[in-house]
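Structural features, examined
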Amino acid sequence: MACIVTDLGNHDRNRSMTLGQLCGEKGRGESMNGPDCTQLMWSVDPYAGYGEWHELSKSMVLNRSFQPLRHVCVAVLATYTTDLLLPLLSLAAARHRLSLEVIETPFGQLEQMLFNDSCGFRAMPEYLVLAGTWHELGLIPGEPTDEAVREAVKRWTGLWDAAIAGGARVVQVGFVPPAVDSFGMAASGEDSSISAAVARINTELAKNAVGRVVFADAAAAASIVGLRNWDSPRYWHSARLPCCMDALPHMAALIAGAIAADCGLTARCVIVDLDNTLWGGILGEDGVDGIAIGNGPLGESFASFQHYLRSLRQRGIALAVASKNDPMLVEEVFNRNPRMVLRREDFACIVASWQRKSEQVLDISRRLHLGLSSLIFVDDNPAERAEVAQALPEVQVIEMPRSPASYPDALASAPGLFYVQHSHDDGLRGHSYSGLRQATELAEQMSSRNEFLHSLGMSAEVRPLNQNSLPRAAQLIAKTNQFNLTVRRRTQSELERLMHDPSVLALTLALRDRFADHGIVGFCLAFTEGTDALIDTLLLSCRVIGRTAERILVAEAAKWAAQRGCASLLGIYRPTDRNRMVEGLYPELGFTLRSKPLDDAAAFEFDLLTGFPQSSCFIQEMAS
Amino acid sequence: MSRISVLFASVVGMAPTRGEDTLPDDVRGWDSLAHIRLVYAIEREFGCELPEDLLLVGKPLGDLAAAVRDSAPGA
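Let me sum up the structure you'll find in this document. No experiment lies behind these values; they were computed from the predicted model shown.

Residues and elements named next belong to chain A. Of all 9 residues making up strand 1 (residues 70-78), 8 are buried, and the element is well covered by its neighbours. Relative to strand 2 (residues 98-103), strand 1 is paired through 6 bridges, and the arrangement is parallel. Bridging across to strand 2, Val 74 finds its partner in Val 102. Each parallel crossover has a hand, and for strand 1 linked through helix 4 (residues 86-94) to strand 2 it is right-handed. Here strand 1 runs beside strand 3 (residues 127-131); their pairing, made up of 5 bridges, is parallel. Each bridged residue has a counterpart across the sheet, and for Ala 75 the counterpart in strand 3 is Leu 128.

Structure follows, in structure tokens:
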């Protein structure tokens, strides 16, 4: 097929780094070293092709400067050869600041690995990727496919259950239809076509996946690249490769993106510039009515970009503005220009000032309580991008194309915006960040912290973990780094087991204030051990730190422990390099440090015979 | 060294010991996986498509070179 000799697609890929650029003036072995490594990783584009990716993944092995935010162990169980794919996975993961330990598994041994107690994994990896091709689905063109569809769904969901029972989080890679279908362009409307059957299997798997496993839609990835550029029968027949070589980086990007997104390594906020980024022209020179937005080809391009940004917000990603502009004029645009797609209230935070961009970004990070690594910076001006990238290397700076018509594509390709299905609380998040900004502004006006907390009018709903809240709880456990006392990454299947254990207390906490409904933002797991009750997990989403919500969970745990006849409640603090902020939490709540640590963690004790730790006096508890 | 030999060396990790007569048994590392990468590299470099029987490891390097000469005007 043509794909073997040509580059995939004809996109405007000028943001893609070449191997030479990545290697700089040093030798290949030393490439991607140095402080700029993180920024460079983001620019590695799947469209660069297998050759580039293979070289880069080799040099990654030697790279010492890459600083991942998370490390996970993963195995790929596939009905095809993964030997060429696996080395690319680590490179694809590095784009998300995720480090992968990839376990090699024998080809085609899915059931053998998962259903056999004796010869499977020595230790179940955290993530198990399951993948197949349409060839083994038993589809015969022109013949009824219902049975094959049922069988496929049964087979793969059965594998999920086995993997979940073993303690792994599953990523199911969807099936890619063949490029050639006997029903041609009408295949999707013909129930008995292979393409239609593959589509039905994907739909069924995706439906079943909700709240259970992560579904990575390979058919969607392949359709963006183009099926003729993806499919390669000769490599299938000769080497059992699922796609052509140049599609392998896309496959790797899909799998790594799904894992990274599931680990929470996604952007929480997109920060945009205004002039020539959100609209055409310079506001200070062209005036509120003179900027190009919504009118003419140029204005339409900017309007499309605004539509794209608004869809990100609806997805739960906050928007913010960092612009060197007169704040009064900016407000006027939002108030007066009717062609603006984005409204003032779509932004969690607007910084229009004459500070350096990096300072504006820091300001936004502080106001929204978001870490720098969760921010994406979008600016048409290369000098501003360079300034931010230099000053704040953790911020993901997007290389923008010349033409504003290509802005959505450039931003959508950012690793940080990789999307996988989520539990429903995510939808609230974009709104919650707006509420957070308002709350921060209020805090600045308030003289005392207590007054501020009272004025928020907070209410909390504490409930035992249930089937509905399970995915969100698992997500919080996977994502929370700062307000997390023990950083024990329990998997969803572990939680599900614990949920039914009568000696275990598992509570979720949902919080709302007068600005926003934050959804489920807290989780606590405790169990009894003789006359002690032990808080195994206590965490809060960073959005609600400082609101005293943890007190409610600790007080609930104390009540529960006392009801079970426990004499003391133990709190554990296991230090990591990111949870320093909660080091003093238990002493603050009246716990005393036990002289003997528990394993390698500090243990704090509260004597339940003398009373309970005080709950929050700022948050009203709603009856559940 | 011919262009094919250069590609061979970069993919397999060592130069073909017996030129175009080199067989997979002569070079440790020229396994089926390396062979797929070699075919990919050759097809990219010369803008051609090698015949199916050369996709499997086994034939001497000269067969690959000959196929390139047959199919690609630029080789």
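With that settled, consider the interface of chain B and chain A. Interface extent is often summarised as the accessible area lost during association of the parts. Each side of the interface is counted separately: chain B has 15 residues, and chain A has 19 residues. For the pairing of chain B and chain A, the buried interface totals around 1,400 Å² over both sides, and the portion due to carbon and sulfur atoms is 59%. Inspection of the region where chain B meets chain A yields 4 salt bridges. Of the charged contacts in the structure, one is a salt bridge between B:Glu49 and A:Arg234, with a shortest N-O distance of 4.0 Å. Taken together, the connections running from chain B to chain A amount to 7 residue pairs in polar contact (both at pLDDT 80 or more). Element by element, the count of residues in the side of chain B that touches chain A is highest for helix 2 (residues 32-46) of chain B, at 7 residues. For the side of chain B that touches chain A, the per-class residue count stands at 8 nonpolar, 2 polar and 5 charged.

Below, the discussion takes up the pattern of salt bridges. In a structure, side chains of opposite charge can pair up when their charged atoms sit close to one another. Throughout the structure, instances matching the rule amount to 38 salt bridges over all chains. In this structure, the salt-bridge partner of A:Glu332 is A:Arg336, at a minimum N-O distance of 2.3 Å. You can see A:Glu332 and its partner A:Arg336 sitting in helix 14 (residues 327-336), 4 residues apart, about one turn around the helix. By relative accessible area, which is 29% here, A:Glu332 ends up partly exposed. Among the salt bridges present, the one from A:Glu583 reaches A:Arg580, with a minimum N-O distance of 3.7 Å. Each of A:Arg234, B:Glu43, B:Glu49 and B:Glu52 takes part in one network of salt bridges that share partners.

All names here are of chain B. Contact geometry of helix 2 with helix 3 (residues 61-71) gives a least axis separation of 11 Å together with a crossing angle of 25°. One way to sum up the angle between helix 2 and helix 3 is to call them roughly parallel. Here helix 2 runs over helix 3; the crossing is right-handed. Here His 35, Leu 38, Ile 42 and Phe 46 of helix 2 come into contact with helix 3, specifically with Leu 61, Leu 64 and Val 68. Considering only residue class, the contact of helix 2 with helix 3 consists of 6 nonpolar, 1 polar and no charged.

Okay, the packing of aromatic side chains next. According to the stated counting rule, one finds 9 aromatic pairs over all chains in the structure shown. Ring centres of A:Tyr50 and B:Tyr40 lie 5.2 Å apart, and the angle between their planes is 90°; on these two criteria the pair is classed as edge-to-face. Of this pair, A:Tyr50 sits in helix 3 (residues 50-62) while B:Tyr40 sits in helix 2, placing the two residues on different chains. With relative accessibility at 4%, the residue B:Tyr40 sits in the buried group. Between A:Phe334 and A:Phe347, the ring centres sit 5.6 Å apart and the planes meet at 65°, which makes this aromatic pair edge-to-face. With A:Phe334 in helix 14 and A:Phe347 in strand 8 (residues 347-352), the pair connects residues that are 13 residues apart, well separated along the chain. Its relative accessible area of 4% is what places A:Phe334 among the buried residues. Taken together, the ring pairs in this structure connect A:Tyr586, A:Phe591, A:Phe604 and A:Phe606 into an aromatic cluster.

A few words on the state of the cysteines. In this structure the tally under the stated criterion is 0 disulfides over all chains. Free cysteine A:Cys524: the closest other cysteine sulfur is in A:Cys566, separated by 13 Å.

Residues and elements named next belong to chain A. One open sheet accounts for 5 strands, arranged 8-7-6-9-10; its pairing is parallel. Looking at strand neighbours, the two that pair on one side only are strand 8 and strand 10 (396-397), the edges of this open sheet. Sheet analysis places strand 9 (residues 375-378) next to strand 10, joined by 2 bridges and oriented parallel. If you follow Ile 376 over to strand 10, its bridge partner there is Gln 396.

Basis of the calculations
- Residues numbered from 1 in each chain as written.
- Chains lettered and ligands numbered in written order.
- Predicted model: local features only at pLDDT ≥ 70, side-chain atom pairs only at ≥ 80, totals over all residues.
- Heavy atoms only, no water.
- Buried < 20%, exposed > 50% of the residue type's maximum accessible area, 1.4 Å probe, protein only.
- Helix = DSSP H or I, 4+ residues; strand = E, 2+ residues; numbered from the N terminus.
- Pairing = 2+ DSSP bridges.
- Right-handed = clockwise from strand over helix to strand, strands pointing away.
- Contact = heavy atoms within 4.5 Å.
- Buried area = accessible area lost by both parts, 1.4 Å probe.
- Salt bridge = Lys/Arg side-chain N within 4 Å of Asp/Glu carboxyl O.
- Polar contact = N/O pair within 3.5 Å; in protein donor to acceptor, adjacent residues only side chain to side chain.
- Nonpolar A, V, L, I, M, F, W, Y, C, P; charged D, E, K, R; others polar.
- Axes fitted to C-alpha atoms, helices over the stretch in contact; angles between N-to-C directions.
- Parallel < 35°, antiparallel > 145°, perpendicular 65-115°, else oblique.
- Left-handed = near helix turned anticlockwise from the far one by under 90°.
- Phe/Tyr/Trp six-rings, centres within 6.5 Å; stacked < 30°, edge-to-face > 60°.
- Disulfide = S-S within 2.5 Å.

Shape is all these values report; function is a separate question.
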